[in-house]
Amino acid sequence: MIADAVTQIARSRSRQSALVEATQALVRLDSQTPPSDTGAIARLAMEMRETIPGLSVSLHESEPPVVNLVARHLGRQDGPRLVLSGHLDTYQIGPGVWTPPPRAVSLPRASSGVAARPT
């Protein structure tokens, strides 16, 4: 029983680390609006989905340079579906003194979160 708990804790920490690393990689990409060039961040998100079994992913350029990513989980049963919708573009960084620079995302090893600009 203790071994199971230790295994679960290790898995949780591993997933947290992977999530933080993925977030850092996405934040480092420039997707400011304007010009809303989301091609690079959409392609990176598409590559990241390879770790999630059962997902079908496609990219759609609705109006250059805006690229949308559509991911579908191919379920096996009929019934209601859930749609999650978000966007890949970000606010303009804007002028000012940034310490550290806005896309220089780094977290102390012991950190458990990612800081974000409030909206």
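Given the structure is predicted, the values throughout are model-derived calculations rather than measurements. (Residues numbered from 1 in each chain as written. Predicted model: local features only at pLDDT ≥ 70, side-chain atom pairs only at ≥ 80, totals over all residues. Heavy atoms only, no water.)

A. Local environment of the overall build of the protein. The secondary structure content of the protein amounts to two helices and two strands. In sequence order, the protein lays out its α and β elements as α-α-β-β. Classification of the 119 residues of the protein by burial places 11% in the buried group. Just so you have it, the protein exposes about 9800 Å², and 57% of that area is on carbon and sulfur atoms. (Helix = DSSP H or I, 4+ residues; strand = E, 2+ residues; numbered from the N terminus. Buried < 20%, exposed > 50% of the residue type's maximum accessible area, 1.4 Å probe, protein only. Areas by Shrake-Rupley, 256 points an atom, 1.4 Å probe, with all protein chains shown as cover.)

B. Highlighting the side chain of Ser-31. With respect to the element layout, Ser-31 can be found in the loop between helix H1 (2-27) and helix H2 (39-48). With relative accessibility at 1%, the residue Ser-31 sits in the buried group. Among the polar contacts listed, one links the side chain of Ser-31 to the backbone oxygen of Leu-88, at a separation of 2.9 Å. Once residues within four sequence positions are removed from consideration, Ser-31 is found in contact with Asp-37, Thr-38, Ile-41, Leu-88, Asp-89 and Thr-90. (Polar contact = N/O pair within 3.5 Å; in protein donor to acceptor, adjacent residues only side chain to side chain. Contact = heavy atoms within 4.5 Å.)

C. Seen up close, the side chain of Thr-38. Note on placement: Thr-38 falls in the loop between H1 and H2. Every residue in contact with Thr-38, bar those within four places of it in the chain, is listed here: Ser-31, Pro-65, Val-66, Val-67, Leu-88 and Asp-89.

D. Quick look at the environment of Ala-104. In this structure, Ala-104 sits in the segment after strand S2 (66-73). Residues Ala-104 and Arg-28, spaced 76 residues apart in sequence, show a C-alpha to C-alpha distance of 6.6 Å.

E. Spotlight on the pairing of S2. Two elements, strand S1 (residues 55-63) and S2, share eight bridges in a ladder whose sense is antiparallel. When the bridges of S2 are listed, Ser-56 appears paired with Arg-72. Hairpin geometry of S1 and S2 is characterised by an intervening segment of two residues between the two adjacent antiparallel strands. (Pairing = 2+ DSSP bridges.)

F. Representation of unusual backbone geometry. Omega for the bond connecting Thr-33 with Pro-34 falls within 30 degrees of zero, at -10°, which places this linkage in the cis form. Its location among the elements puts Pro-34 in the loop between H1 and H2. Cis geometry marks the peptide bond from Pro-64 to Pro-65, where omega comes out at 5°. If you trace the backbone, Pro-65 turns up in the loop between S1 and S2. Phi at Ser-36 is positive, roughly 65°, even though this residue is not glycine. For Ser-36, the location among the structural elements is in the loop between H1 and H2.

G. Representation of the confidence of the model for the protein within the structure. The pLDDT averaged across the protein works out to 80; a share of 84% of its residues lies at or above 70. Mean pLDDT per element in the protein: H1 is the minimum at 78, and H2 is the maximum at 94. (pLDDT = per-residue confidence, 0-100.)

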